[in-house]
Amino acid sequence: MDLSQIIRPEHTFIGVSVATKWRGLQAIAEKAALAFGIEGKKILHALESRESLGSTGIGNGVAVPHAVVEGMTHPRGLLLRFARPLDFEAVDDVPTDIVFALLFGEASRGEYLNVLAAIARQLQTPGILAAMRKAMTAEELYSDFLADSRV
């Protein structure tokens with residue numbers, strides 16, 4: 001799976017300043033609304049509904065909030081790094097600083113697991129998370145994440 005088709009460089013953000021998980025979801029929804037031309041309230045409601053089922057904090061400071069959103073025709077995502085790690089209620093209780101937000105249309109609901117698996121594989125590459133945490137720009141963050149993924 002080519003993650004560069006799901007998460008684009010222009011949908012990568014660094015230094016997102018929020019105080020809580022729920023404010024983080026609001027920031028994600030606002031950025032996704034601008035990026036994908038879908039109403040922000042619709043995105044936020046979908047993300048909050050999914051998060052109420054259980055935390056999408058997968059551990060090691062990473063979260064993958066995701067939701068089916070009406071109007072999405074292709075799977076799309078955002079990559080964010082929070083200015084300060086926050087409690088995302090992750091399975092390992094490690095505060096979250098890196099977020100992969102994934103939005104899907106109903107027709108592509110089944111692709112979520114493939115995208116999540118691709119992200120997980122990429123994050124297992126030695127040094128990727130450390131490099132992402134040291135990135136000084138959104139461009140560096142994006143590049144560090146996708147390093148060696150197309151080899």
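Residues numbered from 1 in each chain as written. Predicted model: local features only at pLDDT ≥ 70, side-chain atom pairs only at ≥ 80, totals over all residues. Heavy atoms only, no water.

Novice: Can you lay out the packing of helix α1 (residues 21-36) against helix α2 (residues 40-52) for me, pointing to particular residues and giving the numbers?
Specialist: The contact between α1 and α2 brings their axes to 8 Å, and the two run at 140 degrees. In terms of orientation, α1 and α2 fall into the oblique class. The hand of the α1/α2 crossing is right-handed. Packed against α1, whose contacting residues are Lys21, Trp22, Leu25, Gln26, Ile28, Ala29, Ala32 and Ala33, the element α2 presents Gly40, Ile43, Leu44, Leu47, Glu48 and Glu51 at the interface. Of the residues assigned to the contact of α1 with α2, the class counts are nine nonpolar, two polar and three charged. (Axes fitted to C-alpha atoms, helices over the stretch in contact; angles between N-to-C directions. Helix = DSSP H or I, 4+ residues; strand = E, 2+ residues; numbered from the N terminus. Parallel < 35°, antiparallel > 145°, perpendicular 65-115°, else oblique. Left-handed = near helix turned anticlockwise from the far one by under 90°. Contact = heavy atoms within 4.5 Å. Nonpolar A, V, L, I, M, F, W, Y, C, P; charged D, E, K, R; others polar.)

Novice: Outline helix α3 (residues 111-123), supporting the account with residue identities and numerical values.
Specialist: Over its 13 residues, α3 runs 19 Å from end to end, which matches the ideal 18 Å to within 8%, given 1.5 Å per residue. Taken together, the buried positions of α3 are occupied by Tyr112, Val115, Ala118, Ile119, Gln122 and Leu123. Buried residues in α3, looked at end-on, bunch into an arc of 135 degrees, giving them a common side. Exposed positions of α3 whose direction lies more than 90 degrees from the buried face are Leu113 and Arg121. Where α3 is buried, its residues touch β3 (62-63), β4 (66-68), β6 (96-104), α4 (128-134) and α5 (138-146). (Expected span 1.5 Å × (residues − 1). Buried < 20%, exposed > 50% of the residue type's maximum accessible area, 1.4 Å probe, protein only. Arc of directions from axis to C-beta.)

Novice: I'd love a proper account of the side chain of Arg81, names of residues and values included.
Specialist: Tracing the backbone shows Arg81 in strand β5 (residues 76-86). No salt bridge forms around the buried Arg81; measuring N to O, its nearest opposite-charge neighbour Asp97 is 5.7 Å away. Looking at Arg81, its side chain comes within polar contact range of the main-chain oxygen of Ala135, at 3.0 Å. (Lys, Arg positive; Asp, Glu negative; His and termini not counted. Salt bridge = Lys/Arg side-chain N within 4 Å of Asp/Glu carboxyl O. Polar contact = N/O pair within 3.5 Å; in protein donor to acceptor, adjacent residues only side chain to side chain.)

Novice: How would you summarise the packing of aromatic side chains if you had to cite specific residues and measurements?
Specialist: In total, this model carries one aromatic pair according to the counting rule given. When the centroid spacing of 4.8 Å and the interplanar angle of 50 degrees are considered together, the rings of Phe100 and Phe145 count as tilted. Of this pair, Phe100 sits in strand β6 while Phe145 is found in helix α5, placing the two residues 45 residues apart along the sequence. For Phe100, a relative accessible area of 0% translates into the label buried. (Phe/Tyr/Trp six-rings, centres within 6.5 Å; stacked < 30°, edge-to-face > 60°.)

Novice: Talk me through the pattern of salt bridges; I want residue IDs and the actual numbers.
Specialist: One pass over the structure, following the stated rule, counts four salt bridges. Salt-bridge contacts for Lys21 lead to Glu89; the nearest nitrogen and oxygen are separated by 3.3 Å. Placement of the pair is Lys21 in helix α1 and Glu89 in the loop between β5 and β6, with a sequence separation of 68 residues. Residue Lys21 is classed as buried on the basis of its relative accessible area, which comes to 3%. Note on Glu89: relative accessible area 46%, which makes it partly exposed. Overlapping salt bridges bring together Lys21, Glu51 and Glu89 as one network.

Novice: Could you give me a rundown of the pairing of β5, with the residues and numbers involved?
Specialist: Where strand β1 (residues 7-16) meets β5, five bridges bridge the pair, whose relative direction is parallel. Along β5, the bridge assignment pairs Phe13 with Leu80. Both β5 and β6 contribute to a ladder of seven bridges, which runs antiparallel. Counterpart to Arg76 in the pairing with β6 is Leu103. (Pairing = 2+ DSSP bridges.)

Novice: Which residues make up α5, and what values do they have?
Specialist: Of the residues making up α5, those classed as buried are Ala138, Leu141, Tyr142, Phe145 and Leu146. Down the axis of α5, the sector holding all buried residues measures 120 degrees, keeping them to one side. Packed against the buried residues of α5 are β1, β5, β6, α3 and α4.

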